[in-house]
Amino acid sequence: MQMSLPQEDIYTGPPGLPRFCQDVDEHVGVIPGVVSVGAVAQLPFEGSAGQGFQVEGQPPAEPGHVPGADYSVTCPNYFRTIGIPVVKGREFTHQDVLNAPGVIVVNETMARFCWPKEDPVGRAIRLGGPNGPRLTVVGVVGDVPIRGLDEPLRRQFFRPYTQAAWPVMNIVVRTATAPITFTTPIKKALAEVLPDRPVSQVETMEDIVRDSTGSRRFPMLLLTAFSLLALVLAAVGIVGVVSYSVTQRTRELGIRMALGARSGDVLSLVLRGSVKWVLLGIVVGIAGSIGFARLLSSMLYGVRPIEPAVLGAVSALLTGVALIASYIPARHATKVDPTIALRYE
């Protein structure tokens, strides 16, 4: 949920409500069923501000080429609450106040960029350039998507709200049960912190993640619908082709049965004839899908364009559908009356 804060100097500090994080912790954190609470200026998937910096101990960047990173402001316990792992060092604490040394937490991408072969904890940057405020790295956290799942991971660093300023903060609460049921008690607790500041945009993180993929969901539903339609058409086509083949071979099948062929032999004969072409089609289809895999890569996240398990599962599905579609007319072929078949045509 989102809350605006009193702030005179909007983005550069000092914070207009220095005890905000501690007050939220003391009022919301004690609600029964609340596991932890934190706050952040920008949530994952919702973008962030940008900020230039100079790595201390490295040659100054040329004018116009100062490195930058996405930048956000957080309260203590935010990373634990949202589920972002602290891989090195520590998270912010309530002791990281305005008159304490300036500190930051960086993500793994920024740590690799600035200190590729060094431990980033204890290193420092200068905010904005060589003469900016000195900020010491106290922790490294895991990478999270900043704008969307389809974008590459970006450099990002965080400052504690108690040392920086931001006019709007997102309160993040982890609960033991369904989070949406805690809306009312959390709003009451926040009203005790800032009675004149309304709470807005109440939603779960699942909603935020789902909204971030909304532009891809409709095309995917269309693709799914068309693929199911194609599967149905393929099955109908197989039934029609095999039925026509059985009709054309009625005399042959009747002769085979008159000479002693059993129903199982006729069934196997018809199925072998159709499955041969089905398997050939699957081989051609797999080759085609591998060839066009690069076109799909921009629409996928966490899935390789050429995924053996997916290709195998789809091939098995198509084979199963083809066998069922072939079985219907093949079963009909076993009921051919040899006497009628011999008089056929």
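Owing to the predicted nature of the structure, the values given are computational and were not obtained by experimental measurement.

1. Things to note about the overall build of the protein
Looking only at helices and strands, one finds eleven helices and eleven strands in the protein. Scaling as 2.2 N^0.38, a compact globule of 345 residues should have a C-alpha radius of gyration of about 20 Å, whereas the protein reaches 32 Å, well beyond that. In the protein, which comprises 345 residues, the proportion classed as buried is 39%. In the protein, the share of contacts with a sequence separation of at least 24, taken over all contacts with a separation of at least 6, comes to 77%. Summed over its atoms, the accessible surface of the protein is roughly 19,100 Å², and 62% of this surface lies on carbon and sulfur atoms.

2. A short note on the packing of helix 1 (residues 20-28) against helix 4 (residues 183-193)
Orientation of helix 1 relative to helix 4, taken along the N-to-C sense of each, is 140 degrees, at an axis distance of 9 Å. Comparing their axes, helix 4 and helix 1 come out oblique. Here the hand of the crossing between helix 1 and helix 4 comes out right-handed. Residues F20, D23, V24, H27 and V28 of helix 1 touch helix 4, and the partners they reach there are I186, A189, L190, E192 and V193. Residues that form the contact of helix 1 with helix 4 fall into these classes: seven nonpolar, one polar and two charged.

3. Comments concerning the side chain of S315
Mapped onto the secondary structure, S315 falls in helix 10 (residues 308-333). Polar contacts involving the side chain of S315 include one to the main-chain carbonyl oxygen of L311, which spans 2.7 Å. Other than its neighbours up to four places away in sequence, S315 contacts I282 and I286.

4. A word on the packing of aromatic side chains
Tallying each qualifying case throughout the model produces seven aromatic pairs. Taken together, a centroid distance of 5.6 Å and an interplanar angle of 65 degrees make the contact between F20 and Y161 edge-to-face. Here Y161 lies in the loop between strand 9 (156-160) and strand 10 (168-175) and F20 lies in helix 1, a separation of 141 residues in the sequence. Each member of the pair F20 and Y161 is classed as buried. Ring-pair connections join several aromatic residues into one group, and the members of that group are F53, Y71, F157 and W166. A cation over an aromatic ring shows up here: R155 above the ring of F113, its NZ or CZ 3.9 Å from the ring centre.

5. Looking at the packing of helix 8 (residues 263-291) against helix 10
Between helix 8 and helix 10, whose axes approach to 9 Å, the crossing angle comes to 155 degrees. By the angle class used here, helix 8 and helix 10 are roughly antiparallel. Two packed elements cross with a definite hand, and for helix 8 against helix 10 that hand is right-handed. Contacts between helix 8 and helix 10 involve V266, L267, V270, L271, S274, V275, V278, L279, I282, I286, S289 and I290 from the first element and L311, S315, L318, T319, A322, L323, S326, Y327, A330, R331 and A333 from the second. Here the contact of helix 8 with helix 10 is composed, by residue class, of 17 nonpolar, five polar and one charged.

6. Let's talk about the pairing of strand 6 (residues 103-107)
With respect to burial, strand 6 is a largely interior element, five of its five residues being buried. The alternating pattern of strand 6 places V103, V105 and N107 on one face and I104 and V106 on the opposite face, and all of these are buried. Alignment of strand 6 against strand 8 (residues 134-141), held across five bridges, turns out to be parallel. Residue pairing in the sheet places N107 in a bridge with V141 of strand 8. Where strand 6 and strand 9 come together, two bridges link them in antiparallel fashion. Each residue of the ladder has a partner; that of V105, found in strand 9, is F158.

7. Looking at the side chain of Q156
Take Q156: it is sitting in strand 9. The buried category is assigned to Q156, whose relative accessible area is 6%. When sequence neighbours within four positions are dropped, the list of residues in contact with Q156 reads S48, A69, D70, S72, V105, V106, N107, M110, V144 and I146.

About the thresholds
Chains are numbered independently. Their residues run from 1 in the order of the written sequence. Given that this is a predicted model, residues contribute local features only at a pLDDT of at least 70 and side-chain atom pairs are listed and counted only at 80 or more, while totals for whole chains, interfaces and linings are drawn from all residues. Side-chain calculation: all heavy atoms of the structure are included, whereas hydrogens and water are not. Secondary structure is summarised from DSSP: a helix means a run of H or I of at least four residues, a strand means a run of E of at least two, and numbering begins at the N terminus for each. Radius of gyration: C-alpha atoms only; globule rule: 2.2 Å multiplied by the number of residues to the exponent 0.38. Each residue is placed in one exposure class: buried if its accessible area under a 1.4 Å probe, protein chains only, is under 20% of its type's maximum, exposed if it is over 50%, and partly exposed if it falls in between. Whether two residues touch is decided by their heavy atoms; if any such pair falls within 4.5 Å, the residues are in contact. For every accessible area listed, the method is Shrake-Rupley and the probe measures 1.4 Å; residues are considered covered only by the protein chains on display. A fitted line through C-alpha atoms represents every axis, and for helices the fit uses only the stretch in contact; the resulting angles, taken between N-to-C directions, go from 0 to 180 degrees. For classification purposes, an angle smaller than 35 degrees is called roughly parallel, one larger than 145 roughly antiparallel, one from 65 to 115 roughly perpendicular, and anything else oblique. A crossing counts as left-handed when the near helix is turned anticlockwise from the far one by less than a right angle, and as right-handed when that turn is clockwise. Each residue receives one of three labels: charged for Asp, Glu, Lys and Arg, nonpolar for Ala, Val, Leu, Ile, Met, Phe, Trp, Tyr, Cys and Pro, and polar for the others, Gly being one of them. Polar contacts here mean pairs of N or O atoms no more than 3.5 Å apart (in protein, one a potential hydrogen donor and the other a potential acceptor; neighbouring residues in sequence count only if both atoms are side-chain atoms). Note on aromatic pairs: the rings of Phe, Tyr and Trp (six-membered ring only in Trp) are paired at centre separations within 6.5 Å, and the planes decide the class, stacked below 30 degrees, edge-to-face beyond 60, tilted for the rest. Throughout this description, the term charge over a ring refers to an Arg CZ or Lys NZ atom that lies within 6 Å of the ring centre and within 35 degrees of the ring normal. Note on pairing: two strands pair once DSSP finds at least 2 bridges between them.

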